[in-house]
Amino acid sequence: MNNPFQTCLPREFTPMPTSKYSVISTVFLSALIFLVFLSEAAPIYSDHYCTKSITYQPNTTFQTNLNHLISSLSSKASEGNHFYRTKVGSDAPNMVNGLFLCRGDILTSTCHECVSTAAREIKRRCSSEKEAIIWFDVCMLRYSNQYLNNIVPSVSLLNSKNISRADLDRFNELLAGMLNALATKAENSLSDKFATEELNFTSTVTLYGLVQCTPDLTVFECNMCFRSAIASIPNCCNGKQGARVLLPGCNIRYELYPFYNTTSPVVQSRSSGRKHVSIIISFVIPIVALVVLFILCSFVEKKARKRIQLWKKSKMEFSKDIEESDTGKSSRNYSRGNENAQK
């Protein structure tokens with residue numbers, strides 16, 4: 001039985017050749033889009049905790065105060081603040097304390113995106129609790145109707161890969177020294193209480209470490225928080241290639257790969273949006289120029305190839321005309337020779 005759709009199809013189908021410069025431009029355009037949206041990647045959820053024993057009823061003064069608090073935290077994150085603490089309400093039953101902390105190496109736009117996401121998620125995950133905390137990869141947000149505890153609760157997140165037994169003792173010694181040194185550096189910082197470091201584990205493997213505590217803590221409070229986090233490593237994470245310990249007042253992390261920006265963080269204020277755009281433009285302009293250059297070179301190359309093909313075709317046709325002309329002359333000469341012979 002004949003295919004009823006055959007009449008709609010051409011007998012021969014030759015796919016159109018893909019233009020070289022269109023492929024190149026597509027590749028570079030993809031790279032450009034990747035760079036532009038890289039800094040705006042969605043924050044990664046880590047964990048959360050809701051104190052179930054302390055709840056509030058909907059449509060109450062406490063809920064109104066909590067909504068104002070969360071809105072204020074999200075707004076402050078857009079102003080260049082990597083940390084902000086505030087409270088709403090004056091009387092004890094309805095007063096709520098809250099804060100957010102962003103990792104010290106990220107841009108203001110990334111901080112704002114993370115805090116805004118945390119604000120939405122903490123209300124969704126802890127819809128009726130008066131005390132809650134949520135962690136993302138680059139920020140933390142919390143609130144409470146009581147004093148803000150810095151040690152409890154704590155969360156440990158592990159890398160699934162292990163250090164070999166032969167290297168474990170040397171790794172633990174290097175790790176302990178790094179985390180203790182970072183804690184001392186961060187707790188004595190006068191500003192952000194944030195520190196990172198890289199150490200060579202082997203000739204080809206680097207150990208990366210990061211610690212941070214909330215800037216409102218005293219040196220003693222920050223030290224106690226760090227010591228609690230570091231002390232939990234042997235119990236939760238011994239032998240792991242990487243781990244995070246998250247506490248309300250501080251956090252520590254180590255990995256065998258870079259997980260933070262190794263360059264100095266950009267200082268930003270309300271004009272951070274313009275600075276962020278200028279950073280993107282600094283990547284965009286060279287890429288666009290490169291794309292244009294490739295397209296131009298490919299266009300010139302294509303034109304040159306066409307001219308060469310036309311030249312070759314003209315040369316062949318010219319040679320053919322000459323051959324036909326010579327053949328005609330030979331034929332006429334041969335005919336005349338025969339005529340003379342017959343005479």
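Our structure's up above, just so we're on the same page.
So, a few notes on the structure that sits alongside this text. Just so you know, these numbers come straight off a predicted model, no measurement behind them.

So, about the side chain of serine 74. Within the secondary structure, serine 74 is located in helix H2 (residues 61-76). The class for serine 74 is buried, based on a relative accessible area of 17%. Here serine 116 takes part through its side chain, which lies 3.0 Å from a polar atom of the side chain of serine 74. The residues touching serine 74, leaving out its near neighbours within four places in the chain, are His112, Val115 and Ser116.

Adjacent strands of a sheet form backbone hydrogen bonds with each other and so pair up, either parallel or antiparallel. Pairing is antiparallel in the open sheet, where five strands are placed in the order E6-E9-E10-E8-E7. The open sheet has two edge strands with one neighbour each: strand E6 (155-158) and strand E7 (194-200). When the angles between neighbouring strand axes are averaged without regard to direction, this sheet yields 10 degrees. Of the pairings in the sheet, the one linking E6 to strand E9 (residues 243-246) comprises four bridges and is antiparallel in character. Bridge pairing in E9 links leucine 157 to arginine 244.

Another aspect to go through is helix H5 (residues 219-231). Between its first and last C-alpha atoms H5 spans 18 Å; for 13 residues at 1.5 Å apiece the expected length is 18 Å, and the two agree. Every buried residue belonging to H5 is among Cys222, Asn223, Cys225, Phe226, Ala229 and Ile230, and all of these are buried. For H5, the angular spread of buried residues about the axis comes to 165 degrees, placing them on one side. In this structure, the buried residues of H5 make contact with helix H4 (165-187), strand E8 (206-213), helix H6 (233-236), E9 and strand E10 (250-255).

Across all of its chains, the model carries six aromatic pairs by this definition. Their ring planes at 80 degrees and their centres at 5.8 Å tell us that tyrosine 45 and phenylalanine 136 sit as a pair that is edge-to-face. Taken together, the residues span a long stretch of sequence, with tyrosine 45 in strand E1 (residues 45-50) and phenylalanine 136 in strand E4 (residues 132-136) at a distance of 91 residues. Residue classification places tyrosine 45 among the partly exposed positions, given a relative accessible area of 30%. Take phenylalanine 136: its relative accessible area is 4%, and that puts it in the buried class. Ring geometry for phenylalanine 171 versus tyrosine 254: centroids 6.1 Å apart, planes at 55 degrees, classification tilted. Of this pair, phenylalanine 171 sits in helix H4 while tyrosine 254 sits in strand E10, placing them 83 residues apart in sequence. Of the two residues, phenylalanine 171 and tyrosine 254, neither departs from the other in class, the shared state being buried. Ring-pair connections join several aromatic residues into one group, and the members of that group are Phe171, Phe201 and Tyr254.

Procedures and definitions
Residues numbered from 1 in each chain as written. Predicted model: local features only at pLDDT ≥ 70, side-chain atom pairs only at ≥ 80, totals over all residues. Heavy atoms only, no water. Helix = DSSP H or I, 4+ residues; strand = E, 2+ residues; numbered from the N terminus. Buried < 20%, exposed > 50% of the residue type's maximum accessible area, 1.4 Å probe, protein only. Polar contact = N/O pair within 3.5 Å; in protein donor to acceptor, adjacent residues only side chain to side chain. Contact = heavy atoms within 4.5 Å. Pairing = 2+ DSSP bridges. Axes fitted to C-alpha atoms, helices over the stretch in contact; angles between N-to-C directions. Expected span 1.5 Å × (residues − 1). Arc of directions from axis to C-beta. Phe/Tyr/Trp six-rings, centres within 6.5 Å; stacked < 30°, edge-to-face > 60°.

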